[in-house]
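# Remarks on the overall topology
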Amino acid sequence: MHATQCTKIKERNIMSEFWSNLTDESEALDAILTGYKGEVKNMPIYEDVTKYLVGNHDKIILDFGCGAGRNIQWLKHNYKTVYGYDFPNMLKLAARETLEDENVYLSSNLDDICSRDYDVILFSLVLQHIHPNELRDILKELCSRSRQFIIHSRTWVDFTFEPILPILNEFFDHDVLEYKKDPNSELNDHFVGVFFPKE
């Protein structure tokens, strides 16, 4: 059942055409890190996010849309098992830093990711890159795979400018919600929160 749903997501994956067509690693890196300077290893996970992720050394986490692996560098030292999902060209960047880590599993297979259960699922700066229709499909599928979601995002979807929080409210209740300033601008256009699937 999960594999069928995930296959449908892949078939209608609108935004993935852009990301999966970035064949050159430097091009992919530029797309992920627009507006930032420095190498991936010098870009730590945001402290606004880590404060909601501490104290979970015996737990399993999924970093959905792990990109170049910035979050994984912190997560692998603070979780029992870390799964990272993204498109193959993105995982090449993450694999350079995690190849020798026994507790890190990288996958570009959405069916595989959707078939597992996690203690925590992290979305960090990824939801804004997913078309609203596709995002709803992904959230519907993953809501049955964890009871806790840490979500860090811009407040709107790129290209469509549809607000993200109303989409999240279709699937989740939240325990914590904070608005944050984009480190590259003066706008308070980011948020981080702890979300739980609706009963």
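Reference entry: report on the structure contained in this document. Per chain, residue numbering runs from 1 following the sequence as it is written. Given that this is a predicted model, residues contribute local features only at a pLDDT of at least 70 and side-chain atom pairs are listed and counted only at 80 or more, while totals for whole chains, interfaces and linings are drawn from all residues. Heavy atoms throughout the structure, all of them, feed into the side-chain values; hydrogens and water do not.

## Section: the nonpolar core
Quick reminder of the rule: Definition used in this section: a nonpolar core is a set of buried Ala, Val, Leu, Ile, Met, Phe, Trp, Tyr and Cys residues joined via side-chain atoms within 4.5 Å. Accessible area is worked out with a 1.4 Å probe on protein chains only. A residue is then buried under 20% of its type maximum, exposed over 50%, and partly exposed in between. The helix count covers DSSP runs of H or I at least four residues long, the strand count covers runs of E at least two residues long, and both are numbered beginning at the N terminus. Two residues qualify as a contact provided that any one of their heavy atoms is within 4.5 Å of a heavy atom in the partner residue.
Ranked by size, the top nonpolar core spans 31 residues in total, and within it Phe 64, Phe 123, Leu 127, Ile 151, Leu 168 and Phe 172 carry the most contacts. Looking at this core, the elements with two or more residues in it are β1 (60-64), β2 (81-85), α7 (110-114), β4 (120-124), α8 (132-142), β5 (149-154), α9 (165-169) and β7 (190-197). Take this core: its biggest share by element is four residues, from α8. If near-sequence neighbours (up to four positions away) are discounted, Ile 151 is found in contact with Phe 123, Leu 127, Leu 168, Phe 172, Phe 191, Val 192, Gly 193 and Phe 195. Counting 18 residues, the second largest nonpolar core, distinct from the first, contains Tyr 52, Ile 61, Cys 66 and Tyr 79.

## Some thoughts on the pairing of β1
We apply this condition: Only when DSSP finds a minimum of two bridges between them are two strands counted as paired. Look down the strands so they point away from you; if going from the first strand over the helix to the second traces a clockwise path, that crossover is right-handed.
For β1, the tally of buried residues reaches four of five residues, placing the bulk of the element in the interior. One ladder, built from five bridges, connects β1 with β2; its direction is parallel. By the bridge assignment for β2, Phe 64 is matched with Tyr 85. Between the parallel elements β1 and β2, the chain passes through helix α5 (residues 70-75) in a crossover that is right-handed.

## Notes on the packing of aromatic side chains
Let me state the cut-off plainly: Two rings from Phe, Tyr or Trp (for Trp, the six-membered ring) form a pair when their centres are within 6.5 Å of each other. A pair whose planes differ by under 30 degrees is stacked, one over 60 is edge-to-face, and the rest are tilted.
By the definition in use, this model includes seven aromatic pairs. Seen from their ring centres, Phe 123 and Phe 149 are 6.3 Å apart, and the 10 degrees between their planes marks the pair as stacked. In this pair, Phe 123 sits in strand β4 while Phe 149 sits in strand β5, placing the two residues 26 residues apart along the sequence. Exposure class is identical for Phe 123 and Phe 149. Each is buried. Taken together, the aromatic side chains of Phe 64, Tyr 85, Phe 123, Phe 149, Phe 172 and Phe 195 make up a single cluster linked through ring pairs.

## Points about α8
Burial runs high along α8: eight of the 11 residues are buried. Considered for burial, the residues of α8 that qualify are Pro 132, Glu 134, Leu 135, Asp 137, Ile 138, Leu 139, Glu 141 and Leu 142.

## Structural notes on unusual backbone geometry
The backbone of Leu 125 sits at a positive phi, close to 55 degrees, despite the residue not being glycine. Within the element layout of this structure, Leu 125 appears in the loop between β4 and α8. Judged by relative accessible area, which is 15%, Leu 125 ranks as buried. At Phe 161, a position not held by glycine, the phi torsion is positive, near 60 degrees. Relative to the elements of secondary structure, Phe 161 occurs in the loop between β5 and α9.

## As for the sheet that holds strand β3 (residues 104-107)
Counted only if it meets this: Think of each axis as a best-fit line through the C-alpha atoms, taken over the contacting stretch in the case of a helix, with angles from 0 to 180 degrees between the N-to-C directions.
The sheet built from seven strands is open, its strands ordered β3-β2-β1-β4-β5-β7-β6 with mixed pairing. Pairing within the sheet leaves two strands with one partner each, and these edge strands are β3 and β6 (172-180). Strand-to-strand, the axes of this sheet are offset by a mean angle of 20 degrees, without reference to chain direction. One ladder, built from eight bridges, connects β6 with β7; its direction is antiparallel. Opposite Asp 173, over in β7, you have Phe 196 as the bridge partner. α8 rests against β1, β4, β5 and β6 of the sheet, and its axis sits at about 160 degrees to β4.

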